Amino acid sequence: MLEIKNLHARIAEDETEILRGIDLTVKPGEVHAIMGPNGSGKSTLSYILAGKEDYEITEGDILFNGESLLDMEADERAAAGLFLAFQYPIEIPGVATMTFLKTALNAQRKARGEGELSTPEFMKRVKDKAAELNITMDMLKRPLNVGFSGGEKKRSEILQMSLLEPKLCVLDETDSGLDIDALRIVADGVNRLRSPDRAMVVITHYQRLLDHIVPDVVHVLSRGRIVKTGGKELALELEKNGYADYVGEQAA
Amino acid sequence: MNIETRALKTRAETDLASQYEALRASAGASVALRDKAFALFEAKGLPHRRVEEYKYSDLRAHLKSAAAPAAVASLEQSTASLAAAEAFAGVDRFRVVLDNGRLVAGLSDLEALAREGVGVTDVALLLEDEARARGVLSAPALACDDVSVALNTAFLQGGVAIAVGEGASVSKPVEIVHLASGEGARYSRVEVSLGTGAKFTLIESFAPTASSGEVNAVSNYMVGDEAELTTARLVAGGDTHVSSIFLTLGTSSRVKTLGFNVGTGFARTQSFVSFTGEHADADLLGITMLRGKGHGDQTLVVDHAVPHCNSRELFKAVVDGQAEAVFQGKIIVRPHAQKTDGRMMTQALLLSEEASMANKPELEIFADDVQCAHGATSGQIDEDLLFYLRARGIPETEARALLVLAFLAEAVEELGDEAIVAALEERVRGWLSVEA
Ligand SMILES: Nc1ncnc2c1ncn2[C@@H]1O[C@H](COP(=O)(O)OP(=O)(O)OP(=O)(O)O)[C@@H](O)[C@H]1O
Ligand SMILES: [Mg+2]
């Protein structure tokens, strides 16, 4: 589903290299966790997947279902089935949450040649998914994310993901800022989406999310490179020993 | 250097002088009032950039020539023009139609308005009697030396006077549709008076004029004690448009106005607001959307002459291409107008490198126990917001439109009338869907 080949990327503005040769293959049905120290490039990788324009790819390629993502705009990637749950979801004053959800869903359907959803059908879907995530209708009446608490914003991201039903879900620290109950609600929401033809890349610092969303593969990203790949036990080991071993290897 | 000895020297100015000479002969009962107004123009000429109030809107430089006053439109012409003026088609309203400055009774809902107890009078008829003409043509004090207003008086073709009686509440909004059929200049007057406790919603819409068309419109809204007025005013394009609006608020009255200017030509809307009774409250909203080489000026003078009144001014501009938006806002608080609350905000969203916004806020405060403030911001579309929307599959054009609508939302929604707000939002969407 996703093939990242020797990806090198830098910040377009000042040419600082952030990603220095990433290789990563994710197959349908798999869940990959990416862990790594602060500033190692995890969010940068997620932004580059989603199509943010602040970065320049200097080498390598990203294939999504066999096609290169590099020439596609962010909205085309989304319509093709890629979804990024942001580490820091932003507030958009003046844009009603419902209007936003409906515009996004219908834009994607249109891009895929499907018909628009009727308003009642759309409302029903939103209500069902919102209820599962403990999101009140009152929150949905507000402008997008405006005044939402940190945890509410993260749940709002998962609501969007559940509605848009992407093929590849990239979750950037969706667990940060969630209380214990919210973590379970969000994890359940994510697990409901797990299916043999959908893949997930979960970026996190903590094992506790991976207790709920059990990964097939765990990667350690350090200074823009994947320095270690293992099974779910790798996360447990990191929790115990920290990154010292892997960061050290790199520094040499 | 030559000292300027004659005020009238540009082609447009001499055009106006000869046009007035021709008009004068048939001016009848109103000739003395017109002469007086025209004398002001003769002394000052067209306003230019060295006239402080017109610093950013040099009418003299803009107007290369002056179109002759437009002829009376035929009913067929007016009917065709009206069919094209559909900006508020979705609003259940009564219509009063003016074409080329004159009331078209046959296309107006006069009988329905009469049944509502609303008095509608043809301004052209008032001009036939000197005493009544004086009532219409005496320029309000705040702009007694404004040349645009003087030209409107001198060349006035007609208009409409609407009187809403004491305690009356009109069941639907009234739209005054200003049509422009054929070529020429239009000079119209709208007089609206609300009796004590009356409630009224008014729309004024200006259809785009032909390329050489000019519009000089004056509206005078008199809001009685405890009365409530909501008005939306849409100026949609045209080559040269100057509107002057006078708004007088009585004791405990409530007013919400929205001036909506969208176009590619030269447009100036100047509003003169005076508080004459205590505890009145005005929300003065403005939206300007420009592209191409458009020039849109919203100028505002708010005169707090009495204590305990609130005014809130919110003006937003969306500017694309090489267009320039102007906002000039002056709040005057007279010495005894204590407890005045005046807050003025202007915000611009610049959609291109060459788009610009000129801002001139002024507070002239002569009382000590007041709360007055002004603020101004100017910026571009936030790329992070745009990315967020696009990352959810919303294509760029649509995402930008959502953000522009979001930027304007506050100013549009504040008006409160849902159907009118919906019509204006539709107008915004229409503007955004046209490629620059
Ligand atoms: N647009 C940018 N401008 C400047 N620096 C940037 C930009 N984007 C990323 N960086 C830098 O790139 C490095 C990687 O940042 P990134 O956000 O990808 O880290 P991360 O692994 O997600 O860290 P964290 O665990 O703290 O979320 C950091 O040093 C960051 O400061
Ligand atoms: Mg990060």
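Bear in mind that the values here come from a model prediction, so they are computed numbers and not experimental data.

Thresholds applied
- Residues numbered from 1 in each chain as written.
- Chains lettered and ligands numbered in written order.
- Predicted model: local features only at pLDDT ≥ 70, side-chain atom pairs only at ≥ 80, totals over all residues.
- Heavy atoms only, no water.
- Donors = N, O, S within 2.8 Å, 3.2 Å for Na, K, Ca; no water.
- Helix = DSSP H or I, 4+ residues; strand = E, 2+ residues; numbered from the N terminus.
- Buried < 20%, exposed > 50% of the residue type's maximum accessible area, 1.4 Å probe, protein only.
- Disulfide = S-S within 2.5 Å.
- pLDDT = per-residue confidence, 0-100.
- Salt bridge = Lys/Arg side-chain N within 4 Å of Asp/Glu carboxyl O.

## Details of the coordination of the magnesium ion (ligand 2)
All names here are of chain A. Bound to the magnesium ion (ligand 2) are the protein donor atoms Ser43 (OG) and Gln87 (OE1), situated 2.0 to 2.2 Å from the metal. Separated by 44 residues along the polypeptide, serine 43 in helix α1 (residues 42–50) and glutamine 87 in the loop between β6 (82–85) and β7 (92–96) bring together distant segments of the chain. According to the relative accessible area criterion, serine 43 is buried, its value standing at 18%.

## Section: the state of the cysteines
All names here are of chain B. Tallied over the full model, the rule gives 0 disulfides over all chains. Here cysteine 372 is not cross-linked by a disulfide; its sulfur's nearest cysteine counterpart is in cysteine 309, at 12 Å. With relative accessibility at 21%, the residue cysteine 372 sits in the partly exposed group.

## Some thoughts on the confidence of the model for chain B
Averaged over every residue, the pLDDT of chain B is 92; the share at 70 or more is 96%. Reported for the predicted complex are a pTM of 0.89 and an ipTM of 0.95.

## Examining the pattern of salt bridges
A complete count under the given rule lists 38 salt bridges over all chains for this structure. For arginine 10 of chain A, the salt bridge goes to glutamate 15 of chain A, with nearest N and O atoms at 3.8 Å. Overall, arginine 10 of chain A belongs to the partly exposed group, its relative accessible area being 23%. One salt bridge in this structure joins arginine 268 of chain B and aspartate 297 of chain B, with 2.8 Å as the shortest N-O distance. One end of the pair, arginine 268 of chain B, is in strand β12 (residues 266–275); the other, aspartate 297 of chain B, is in strand β14 (residues 295–304), and 29 residues separate them in sequence. Owing to a relative accessible area of 0%, aspartate 297 of chain B belongs among the buried residues under this scheme. What emerges from the salt-bridge pattern is a single network uniting Lys256, Asp283, Arg312, Lys316, Glu410 and Glu414 of chain B.

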